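Below, each chain spelled out in residue letters.
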Amino acid sequence: MCWIPEKLPELCQNNTISSVCQPSTFLFLKLIYDLFGSSKCKTTPKKPVNKEYDFIIVGGGSAGCVLANRLSEIKAWNILLLEAGVEEPIVTEIPALANILQRTNIDWDFKAQQENSSCLLSKGCPWAYGKVLGGSSAISGMLYVRGNAMDYDTWADLGNYGWSYNDVLPYFKKSEDNRDETIVRNNPYYHSVGGYHSVETMSYQDIHTKNLLKASKEMGYKSVDVNGKQQIGAMVLQTTSDEGKRQSSNNAFIRPVRTKRRNLDIETEAYVTKILIDPKTKKAYGVKFTSTENNITKVVKVRKEVIVSAGATKSPQLLMVSGIGPMEELKKHNIHVIYNSSVGMNLQDHVTFTGIYILLDNQTWTNITLDQKKEDLRKYLRTQKGPLSSIGPQIISIFGQTKYEIQNAPDLQLLFIGTNIAELDLSPIMTYYDSILFYPTLLTPKSRGVIKLNKTDPIWGSPIIYPGFLTNKEDIDRMLEGIRMCLQFFETTTFRNNNYRLYDTPESPCDKLKWNSDEYWICLLRAKTVPGSHAAGTCKMGPKNDPEAVVDSRLRVYGVKRLRVVDASIMPIVPRGNTHAPTVMIAEKASDMIKEDWYFRN
């Protein structure tokens, strides 16, 4: 079995996701689980792993799949891609099912520490993180946002030569196959066709999604292409999907070449426990990994480089258990220090406030019968169209500014997602909901967190995640203004005509404070701030004189030869948008750097 869903009876018994327990939802999810829980993965027969490769890539996520594709273009090189998770199951292809993929066997199911009472007190602080070929791109909301040009110019200004916006734009375009002819025609400088990664505008939009876009225009947000010249405004975002089906990095970059390139080996359920580094020469010469399928441990040597692409949470963990990291942290776990480095520091994420709910009046829309849901499923399986081909109101995004932002760039993203108002839960099926969560997301966090090793089991145990949310007062100020910006929407004609109402019942633990006061919202902000699932920065790229830098501008790890990190962890500052597209860009650029270093110069 490739995908192991959560157990529905236990969910209802424990009342952890009460919206699942509504009769029509419960029976429909049971149908989904019966159909896809026993489905096989799209895969090819495994080949025996060789004893030595030119390149070993650790992590088959957004970056690792791109690297495996691009490096295997060189026929003289042998590439090994190691992924701790399973093959990508078929269920991930259905866009509307994204919410039920998390907390299953294809998610690491990490939990961040609850600092300063933040992160949904009753449910912990979930840290979604894909454990599957395709990584987090296989379980995410698929939104295609590159960030702002100023983000990358700032990277360059920090001493990272070759990472300005003009430098990275060609790599965004290299992978892109944009299916929206209007966007390509209107912005040819910023978009392209013919790349591996399909980008499209979802064909299905429900009435509430259209109303939200209409309200944003009423609020003065112009319709823009947020991946073009101007990011401030509103857009029906494009997604990484292909004619109604999710296109993860695995779908985009691995499946088209997997059976065609004999020089590319892929091993799933392969948990890398250590990068092998010669303590005298400080050269990486291989990896040790354990097959979780049969519990066999193997050592594989590398001729050229080990490339770590395990993401902003797992990459620092692997470096630290291999001897690269803060000396004090490594000695605490009796790990031999190869190189003292700020690994795990500089953790950033786009914090999100989940305390503003839009109550809907149209009950005939929200109370969809089981028969209708079954018909929607049949339609999707037949045509890849209809409600299940979409992610509901989440495709609408507004990029705005607070008074604290002095540059011509957004510092807030206003988003929407379908919910179940009875228990303030996210809807398990993203296009069936009875209310909408209206949440501001901070694009320019000043707060920083840290990743540390598990105290009892640093190798196999979950890393300790200290997100550091709202530790910088400026973040609180910006988010408070973001809340006020959201509340203004309830004064629009669109909201009033459709009887969209604000859920104004004071929530615990802030219900003793005056509702709608700054004190109330700041209290609730601390209680209901959650991760944006855009973790970055923990293996920071920077010049040698930057004490926090872990890799140089060519993503080579300081202090160790023949070792690179290529994923979102190298971002010195998280871009103003979703991180999948920037991570693919990083891998595209890194692939060319590696080819320059090992192929074209030799």
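Refer to the structure presented above.
Since the structure is predicted, the reported quantities are computational estimates derived from the model, not experimental observations.

So, the pairing of strand 13 (residues 296–308)
Working step 1: Relative to strand 13, strand 1 (residues 52–58) is paired through six bridges, and the arrangement is parallel. Residue Ile-57 lies in a different strand from strand 13, and its bridge partner there is Ile-307.
Working step 2: As paired strands, strand 12 (residues 284–291) and strand 13 are joined by six bridges and run antiparallel to one another. Looking at the pairing, Ser-291 lines up with Ile-296 of strand 13.
Working step 3: The turn joining strand 12 and strand 13, which pair antiparallel and follow one another in sequence, is formed by four residues; a positive phi near 60° is taken by Asn-295.

Topic: the nonpolar core
In summary, soluble globular proteins display a tendency toward joint burial of nonpolar side chains.
Working step 1: Membership of the largest hydrophobic core comes to 82 residues, with the highest contact counts inside it found for Leu-319 and Leu-563.
Working step 2: Discounting chain neighbours no more than four positions away, the residues touching Leu-319 are Ile-275, Val-308, Ile-324, Val-343, Cys-539, Val-550, Leu-563 and Val-565.
Working step 3: Within the second largest apolar cluster, 71 residues are counted, among which are Ala-112, Leu-213, Met-479 and Leu-480.

A look at the environment of Phe-172
Working step 1: Its place among the elements puts Phe-172 in helix 6 (residues 165–175).
Working step 2: With 417 residues separating them along the chain, Phe-172 and Lys-589 place their C-alpha atoms 9.1 Å apart.
Working step 3: In contact with Phe-172, other than residues within four places in its own chain, are Tyr-144, Arg-146, Tyr-152, Ala-581, Pro-582 and Met-585.

Some thoughts on the packing of aromatic side chains
Working step 1: Going through the model one piece at a time under the given rule, you end up with 26 aromatic pairs.
Working step 2: Relative to Tyr-599, the ring of Trp-77 lies with its centre 5.8 Å away and its plane at 85°, an arrangement referred to as edge-to-face. A residue pair is termed long-range when its members are at least 10 positions apart, and Trp-77 in the loop between helix 3 (64–71) and strand 2 (79–82) and Tyr-599 in helix 17 (residues 580–600) qualify at 522 residues.
Working step 3: With relative accessibility at 39%, the residue Tyr-599 sits in the partly exposed group.
Working step 4: Among the aromatic side chains, those forming a connected cluster through ring pairs are Tyr-221, Phe-416, Phe-438, Phe-489, Phe-490, Phe-495 and Tyr-500.
Working step 5: Over the aromatic face of Tyr-189 sits the side chain of Lys-173, whose NZ or CZ is 5.6 Å from the ring centroid.

A closer look at unusual backbone geometry
Working step 1: Across the junction of Ser-508 and Pro-509, the peptide omega takes the value 5°, indicating a cis bond.
Working step 2: Notably, Glu-269 is not glycine yet its phi reads approximately 50°, a positive angle.
Working step 3: Among the secondary structure elements, Glu-269 is positioned in the loop between strand 10 (264–267) and strand 11 (270–277).
Working step 4: The backbone phi angle of Leu-555 is positive, close to 70°, even though this residue is not glycine.
Working step 5: Here Leu-555 lies in the loop between strand 25 (529–530) and strand 26 (563–565).
Working step 6: Take Leu-555: its relative accessible area is 0%, and that puts it in the buried class.

Focus on the pairing of strand 1
Working step 1: Taken across its seven residues, strand 1 has six buried, putting it largely inside the fold.
Working step 2: Pairing analysis gives four bridges linking strand 1 to strand 2, with the strands arranged parallel. Looking at the pairing, Ile-57 lines up with Leu-81 of strand 2.
Working step 3: Handedness of the crossover is the feature at issue here: the chain leaves strand 1, passes through helix 3, returns alongside strand 2, and the resulting connection is right-handed.

Details of the environment of Thr-290
Working step 1: Following the sequence through the fold, Thr-290 ends up in strand 12.
Working step 2: When residues no more than four places from it in sequence are discounted, the contact partners of Thr-290 are Glu-269, Ala-270, Tyr-271, Thr-273, Asn-295, Ile-296, Thr-297 and Trp-460.
Working step 3: A polar contact is formed between the side chain of Thr-290 and the side chain of Thr-297, at a distance of 3.0 Å.

Structural notes on the state of the cysteines
Two cysteines form a disulfide when their sulfur atoms are joined by a covalent bond.
Working step 1: Applying the stated criterion across every chain yields a total of one disulfide.
Working step 2: A sulfur-sulfur separation of 2.1 Å characterises the disulfide bridge that pairs Cys-510 with Cys-523. Taking the torsion about the S-S bond as the criterion, the Cys-510 to Cys-523 disulfide, at about -85°, is left-handed. In this pair, Cys-510 sits in the loop between strand 24 (501–502) and helix 16 (518–527) while Cys-523 sits in helix 16, placing the two residues 13 residues apart along the sequence.

Considerations on the packing of helix 14 (residues 473–488) against helix 16
Working step 1: Running from amino to carboxyl end, helix 14 crosses helix 16 at an angle of 110°, the nearest separation of the two axes being 10 Å. Looking at the two axes, helix 14 sits roughly perpendicular to helix 16. Note that helix 14 runs across helix 16; the crossing there is right-handed. Each of Ile-476, Met-479, Leu-480, Ile-483, Arg-484 and Leu-487 in helix 14 lies in contact with helix 16, whose residues at this interface are Asp-518, Trp-521, Ile-522, Leu-525 and Arg-526.
Working step 2: Taken together, the residues of the contact of helix 14 with helix 16 sort by class into eight nonpolar, no polar and three charged.

Focus: the environment of Ile-483
Working step 1: Checked against the element boundaries, Ile-483 lands in helix 14.
Working step 2: Separated by 38 residues in sequence, Ile-483 and Trp-521 have C-alpha atoms that sit 7.9 Å apart.
Working step 3: Setting aside residues up to four positions removed in sequence, Ile-483 forms contacts with Phe-353, Ile-356, Pro-440, Trp-521 and Leu-525.

Details of the packing of helix 6 against helix 17
Working step 1: In the contact formed by helix 6 and helix 17, the axes pass within 8 Å of each other and the chain directions differ by 105°. With respect to helix 17, the element helix 6 is oriented roughly perpendicular. In contact with Val-168, Tyr-171, Phe-172, Lys-174 and Ser-175 of helix 6, helix 17 contributes Ala-581, Pro-582, Val-584, Met-585, Glu-588, Lys-589 and Asp-592.
Working step 2: Looking at side-chain class alone, the contact of helix 6 with helix 17 contains seven nonpolar, one polar and four charged residues.

Section: the pattern of salt bridges
Working step 1: Tallied over the entire structure, the rule returns 36 salt bridges.
Working step 2: A salt bridge links Glu-176 to Arg-146, with the nearest nitrogen and oxygen atoms 2.8 Å apart. Taken together, the positions of Glu-176 in strand 5 (residues 176–178) and Arg-146 in the loop between strand 4 (126–127) and helix 5 (149–157) put the pair 30 residues apart, joining distant regions of the chain.
Working step 3: Relative accessible area serves as the criterion here: at 1%, Glu-176 is assigned to the buried category.
Working step 4: Residue Lys-540 is joined to Asp-546 by a salt bridge in which the shortest nitrogen-to-oxygen separation is 2.9 Å. Pair check on accessibility: Lys-540 and Asp-546 agree, each one buried.
Working step 5: Through salt bridges with shared partners, a single network forms among Asp-151, Glu-405, Asp-411, Lys-446, Glu-474, Arg-478 and Arg-576.

Looking at the side chain of Arg-70
Working step 1: By the secondary structure assignment, Arg-70 is in helix 3.
Working step 2: The exposure class assigned to Arg-70 is buried, which follows from its relative accessible area of 7%.
Working step 3: Among the polar contacts made by the side chain of Arg-70, one reaches the side chain of Glu-588 at a distance of 2.8 Å.
Working step 4: The contacts of Arg-70, once residues within four sequence positions are left out, are Lys-174, Tyr-196, Phe-253, Glu-588, Ser-591 and Lys-595.

Rules used throughout
Residues numbered from 1 in each chain as written. Predicted model: local features only at pLDDT ≥ 70, side-chain atom pairs only at ≥ 80, totals over all residues. Heavy atoms only, no water. Pairing = 2+ DSSP bridges. Helix = DSSP H or I, 4+ residues; strand = E, 2+ residues; numbered from the N terminus. Core = buried A, V, L, I, M, F, W, Y, C linked by side-chain atoms within 4.5 Å. Buried < 20%, exposed > 50% of the residue type's maximum accessible area, 1.4 Å probe, protein only. Contact = heavy atoms within 4.5 Å. Phe/Tyr/Trp six-rings, centres within 6.5 Å; stacked < 30°, edge-to-face > 60°. Lys NZ or Arg CZ within 6 Å of the ring centre and 35° of its normal. Right-handed = clockwise from strand over helix to strand, strands pointing away. Polar contact = N/O pair within 3.5 Å; in protein donor to acceptor, adjacent residues only side chain to side chain. Disulfide = S-S within 2.5 Å. Axes fitted to C-alpha atoms, helices over the stretch in contact; angles between N-to-C directions. Parallel < 35°, antiparallel > 145°, perpendicular 65-115°, else oblique. Left-handed = near helix turned anticlockwise from the far one by under 90°. Nonpolar A, V, L, I, M, F, W, Y, C, P; charged D, E, K, R; others polar. Salt bridge = Lys/Arg side-chain N within 4 Å of Asp/Glu carboxyl O.

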